[in-house]
Amino acid sequence: MDTVTRPRILVVGAGFAGVECVRRLERRLAPNEADVTLVTPVAYQLYLPLLPQVASGVLTPQSIALSLRRSHRYRTRIIPGGAIGVDLKAKVCVIRTITDRIVDEPYDYIVLAPGSVTRTFDIPGLTDNAFGLKTLAEAAYIRDHVISQLDLADASQDPAERASRLQFVVVGGGYAGTETAACLHRLTYNAVRRYPRLDPGLIKWHLIDIAPKLMPELGEKLGASAQEILRRRGIEISLGVSIEKAGPEEVTFTDGRVVPTHTLIWTAGVVASPLIGTLGAETVRGRLAVTPEMCLPGHDGVFALGDAAAVPDLDKDEEGAVCPPTAQHATRQGKLVADNVLATLRGQPRRPYHHRDLGLVVDLGGRDAVSKPLGVELRGLPAQVVARGYHWSALRTNVAKTRVATNWALNAVAGDDFVRTGFQARKPAKLKDFEYTDAYMTPEEVAEHVGRVSRGED
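What counts as what
- Numbering of residues begins from 1 in every chain and follows the order in which that chain's sequence is written.
- Predicted model: local features are reported for residues with pLDDT of at least 70 only, side-chain atom pairs are reported and counted for 80 or more only, and whole-chain, interface and lining totals are derived from all residues.
- Excluding hydrogens and water, the side-chain figures rest on all heavy atoms present in the structure.
- UniProt positions are given in the numbering used here, feature names are shortened, and annotations may be inferred rather than shown by experiment.
- For salt bridges, the criterion is a side-chain nitrogen of Lys or Arg within 4 Å of an Asp or Glu carboxyl oxygen.
- Helix and strand labels come from DSSP, where a helix needs a run of H or I of at least four residues and a strand needs a run of E of at least two; each type is numbered from the N terminus.
- Exposed residues in this analysis have more than 50% of their type's maximum accessible area, buried residues have under 20%, and partly exposed residues fall in between, with area computed by a 1.4 Å probe over protein chains only.
- Pairs of strands are assigned from DSSP output, requiring at least two bridges between the strands.
- When the strands point away from the viewer and the connection leading from the first strand across the helix to the second strand turns clockwise, the crossover is called right-handed.
- Convention adopted: a line fitted to C-alpha atoms gives each axis, helices being fitted over their contacting stretch, and angles between N-to-C directions are expressed from 0 to 180 degrees.
- Contacts are assigned to residue pairs that have any heavy atoms within 4.5 Å of one another.
- What we call a nonpolar core is a set of buried Ala, Val, Leu, Ile, Met, Phe, Trp, Tyr and Cys residues that are connected through their side-chain atoms within 4.5 Å.
- The quantity called pLDDT is the predictor's confidence in a given residue, expressed from 0 to 100.
- Within 3.5 Å is the distance limit for a polar contact, defined as a pair of N or O atoms, with the added protein rule that one can donate a hydrogen and the other accept it, and that residues adjacent in sequence qualify only through two side-chain atoms.
- In this scheme, a crossing is called left-handed if the near helix is turned counterclockwise away from the far one by less than a right angle; it is called right-handed if the turn is clockwise.
- Following the grouping adopted for this structure description, the nonpolar residues are Ala, Val, Leu, Ile, Met, Phe, Trp, Tyr, Cys and Pro, the charged ones are Asp, Glu, Lys and Arg, and the polar ones are all others, Gly among them.

As recorded in an unreviewed UniProt entry, the protein chain goes by NAD(P)/FAD-dependent oxidoreductase and comes from Streptomyces flavalbus. For the protein chain, the Sequence similarities (unreviewed entry) comment in UniProt is given as "Belongs to the NADH dehydrogenase family."

A. The arrangement of the pattern of salt bridges in detail. A complete count under the given rule lists 20 salt bridges for this structure. Notably, a salt bridge pairs Asp-339 with Arg-28, separated by 3.1 Å at the nearest N-O pair. Taken as a pair, Asp-339 in helix H8 (residues 327–345) and Arg-28 in helix H1 (residues 16–28) lie far apart in primary sequence, 311 residues in all. Exposure remark for Asp-339: the relative accessible area of 12% places this residue in the buried category.

B. Inspection of the pairing of strand S1 (residues 8–12) at higher detail. Most of S1 is tucked away, with 4 of its 5 residues classed as buried. Bridging between S1 and strand S2 (residues 35–40) involves 5 bridges; their strand directions are parallel. Looking at S2, one finds that Val-12 is bridged to Val-39. Considered for its hand, the β-α-β crossover made up of S1, H1 and S2 is right-handed. Note that S1 and strand S8 (residues 109–112) share 4 bridges and pair parallel. Across the sheet, residue Val-12 finds its bridge partner in S8, namely Leu-112.

C. Quick peek at the pairing of strand S16 (residues 263–266). Neither face of S16 is open: one carries Thr-263 and Ile-265, the other Leu-264 and Trp-266, and all of them are buried. Bridge count for strand S10 (residues 167–171) against S16 is 4 bridges, and the pairing is parallel. Each residue of the ladder has a partner; that of Val-170, found in S16, is Ile-265.

D. Looking closely at the environment of Val-399. Here Val-399 shows up in helix H10 (residues 398–414). Here the alpha-carbon distance between Val-399 and Leu-66, two residues 333 residues apart in the chain, equals 8.5 Å.

E. Spatial organisation of the sheet that holds S10. With parallel pairing, 4 strands are arranged side by side in an open sheet as S12-S11-S10-S16. Each end of this open sheet is capped by a strand with a single partner; those strands are strand S12 (236–239) and S16. The sheet shows a mean angle of 15° between the axes of neighbouring strands, taken without regard to direction. Bridge analysis of S10 against strand S11 (residues 204–209) gives 5 bridges, and the strand direction is parallel. Along S11, the bridge assignment pairs Val-170 with Leu-207. Packed onto the sheet, helix H6 (residues 175–191) meets S10, S11 and S16 and runs at close to 180° relative to S11.

F. Spotlight on the nonpolar core. Counting residues in hydrophobic clusters, the biggest one holds 111 residues, and the most contacted among them are Leu-25, Ile-64, Val-86, Ile-110 and Leu-112. For this core, the element with the highest residue contribution is helix H4 (residues 136–155), accounting for 8 residues. Formed by 16 residues, the second largest nonpolar core is a distinct cluster that contains Ile-123, Ala-130, Leu-264 and Ala-268.

G. Looking closely at unusual backbone geometry. Backbone geometry places Met-215, a non-glycine residue, at a positive phi of 40°. Structurally, Met-215 can be placed in the loop between S11 and helix H7 (220–233). Not every positive phi belongs to a glycine, and Leu-374 is a case in point at roughly 50°. Relative to the assigned elements, Leu-374 resides in the loop between strand S23 (369–373) and strand S24 (378–379).

H. Spatial organisation of the confidence of the model for the protein chain. Scored by pLDDT, the protein chain has a mean of 92; 97% of the residues are at 70 or more. Confidence, read as mean pLDDT per element, is least for helix H11 (residues 431–434) in the protein chain (80) and greatest for S8 (98).

I. Fine view of the sheet that holds strand S14 (residues 250–253). With antiparallel pairing, the 3 strands of this open sheet are ordered in space as S13-S14-S15. The open sheet terminates on both sides in strands that have one partner only, identified here as strand S13 (243–246) and strand S15 (258–260). Strand-to-strand twist in this sheet, taken as the mean axis angle between neighbours without regard to direction, amounts to 20°. Across 3 bridges, S14 lies against S15 in antiparallel orientation. Of the residues in S15, the one forming a bridge with Thr-252 is Val-258.

J. Region of the structure containing the environment of Asp-315. Here Asp-315 shows up in the loop between strand S21 (309–310) and H8. Residue classification places Asp-315 among the partly exposed residues on the basis of a relative accessible area of 39%. Sequence-wise, Asp-315 and Ala-182 are 133 residues apart; in three dimensions their C-alpha atoms are separated by 33 Å. A polar contact of 3.0 Å, which involves the side chain of Asp-315, links it to the backbone nitrogen of His-355.

K. Just the environment of Thr-397, in detail. Mapped onto the fold, Thr-397 is located in the loop between helix H9 (380–394) and H10. On the accessibility criterion, Thr-397 (16% relative accessible area) is buried. Distance in space between the C-alpha atoms of Thr-397 and Leu-214 is 33 Å, their sequence separation being 183 residues.

L. Focus on the packing of H1 against H8. The N-to-C vectors of H1 and H8 enclose an angle of 35°; their axes lie 7 Å apart at closest approach. Handedness of the H1/H8 crossing: right-handed. Between H1 and H8, the residues in contact are Phe-16, Ala-17, Glu-20, Cys-21, Arg-24, Leu-25 and Arg-28 and Ala-327, Ala-330, Thr-331, Gly-334, Lys-335, Val-337, Ala-338, Asp-339, Val-341 and Leu-342, respectively. Broken down by class, the residue content of the contact of H1 with H8 amounts to 10 nonpolar, 2 polar and 5 charged.

Right under this line is the structure:
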C-alpha cells in the first residue's frame with residue numbers, strides 16, 4: 001500500500017506576518033491538502049505597538065499577548081523554539097527548542113517571518129547596561145526597574161545617588177522611543193506624588209537621537225507638535241546626539257555630556273533577525289532580497305516577508321524602494337504570502353504585493369497624541385481617539401480588545417498603583433539577555449550540522 005505524504009508548510013515566526021499567514025492557510029487549505037507547522041518560542045502573537053503602554057503600566061502584559069491556542073479549529077502544529085539556521089538546498093530548518101534541544105524540521109515550503117531584533121552598535125558597555133523594548137518580558141522588566149529606582153531613591157540618604165536614580169535616558173527618536181519616553185515620563189510624574197520625600201524636580205527624562213528630527217515620517221508640522229508636547233512635559237530632547245559609552249551608573253553622550261543614571265533604554269531601530277544571515281542569500285541592508293511576490297529568487301518554495309525581507313514597494317515611484325518594517329505591512333504581506341503559497345501548491349500564478357497606506361499614529365499618553373490617518377494631520381484628543389481606535393481595531397481577538405479597552409478605562413479612572421511585580425531579580429537583565437542573538441548558526445555550521453544528521457552521525 002502506497003503512502004501519500006502531504007506537502008509540509010513551515011512558517012517561522014509568530015509576529016504579525018507569520019500569524020496572518022498561518023490564519024489564512026488555516027482557512028483556505030483543504031483538510032488534507034497540506035500540513036502546517038509554526039516555529040515560535042511563545043504561543044502568542046505580541047502586539048508590539050502597545051509595548052510602551054505595558055512598560056508604563058497602562059496595560060497589563062497579557063492584554064497584548066494574543067494566544068495562538070484559543071481557536072477550536074486551530075490545527076497548526078507549534079514547535080516551541082526559535083529557528084537558528086536554514087539549509088535551503090536540503091530544505092531543512094534547524095530549531096533550538098525552549099529546552100535547548102536542537103531539532104531539524106524538513107519542509108517543502110517555508111515562510112520566513114522571523115521578524116527583527118534591536119539594532120545595536122559597537123558602543124562600549126551598550127549591551128551590558130542598556131534595556132531594550134522588543135519583548136513582553138523586557139516591557140514588564142522595565143516597569144519594575146523604573147519603579148524600583150523611585151523606591152531606592154526615596155530610601156537613599158545620598159543626594160548624588162538619589163539624583164542619579166531619578167535620571168532616565170531613552171535613545172531613539174522613532175515611534176518606539178518617543179512613545180516609551182512619553183509613557184514612562186507620565187508613570188514617574190504620577191508616581192512621585194506617592195513619594196513625599198522626593199523632589200519632583202529631580203526627575204529628569206532625556207530623549208536623544210542621532211537624526212535631526214523626531215519621527216520624520218510624520219512630516220514637519222506633526223513632528224514639531226510631538227516635540228513640543230514632550231518638551232512642555234519636561235522631557236529634555238537632544239537631536240544629532242547618540243551614546244559614546246554606557247556604564248552601570250552613567251552614560252556619556254557623543255557631545256561630551258556625562259549623565260549619571262541607572263536607566264538607559266535603547267530603542268534606536270531594528271535589524272532583520274540573525275536567522276537571515278544563515279541562509280547565505282542576497283540581502284538589502286540586512287533584509288532578505290525577495291521578489292514582489294515575496295519569493296526568494298532561485299529557491300522554489302521559499303518565501304520571506306515582514307521585517308526580515310526587503311519587499312519591493314511597487315506603489316512608490318522611487319527606484320529600489322522597499323516596504324518599511326511596520327505592522328501594517330507585515331499583516332498585509334502575511335495574508336498575500338499565504339495566498340501565494342497556496343497558488344504555488346496548486347500550480348496557479350502568484351500575485352505581487354501592493355498596498356494602500358493607512359497613515360501613522362503616535363500615542364503620547366493621556367490626551368496627547370499626533371496622528372496622520374489617510375494623510376489628515378490630527379493633534380490632541382482627536383488624534384488620541386484615532387490612535388487608540390486604530391490599535392483597538394487591529395487587535396486580532398475579541399478577548400484582547402475587551403482587555404485593552406478595560407485597561408484603558410480603568411487607568412483613566414483609577415490611575416496606577418505603582419506596584420512592582422517582583423519580576424526584577426537581584427541579578428539585572430539587560431538587552432543582551434533577552435534577544436539571544438548569539439544563538440544562531442553560520443551558513444557553514446548549518447550545512448555541516450544537516451550533513452551530519454543525514455549521515456546518522458548526530
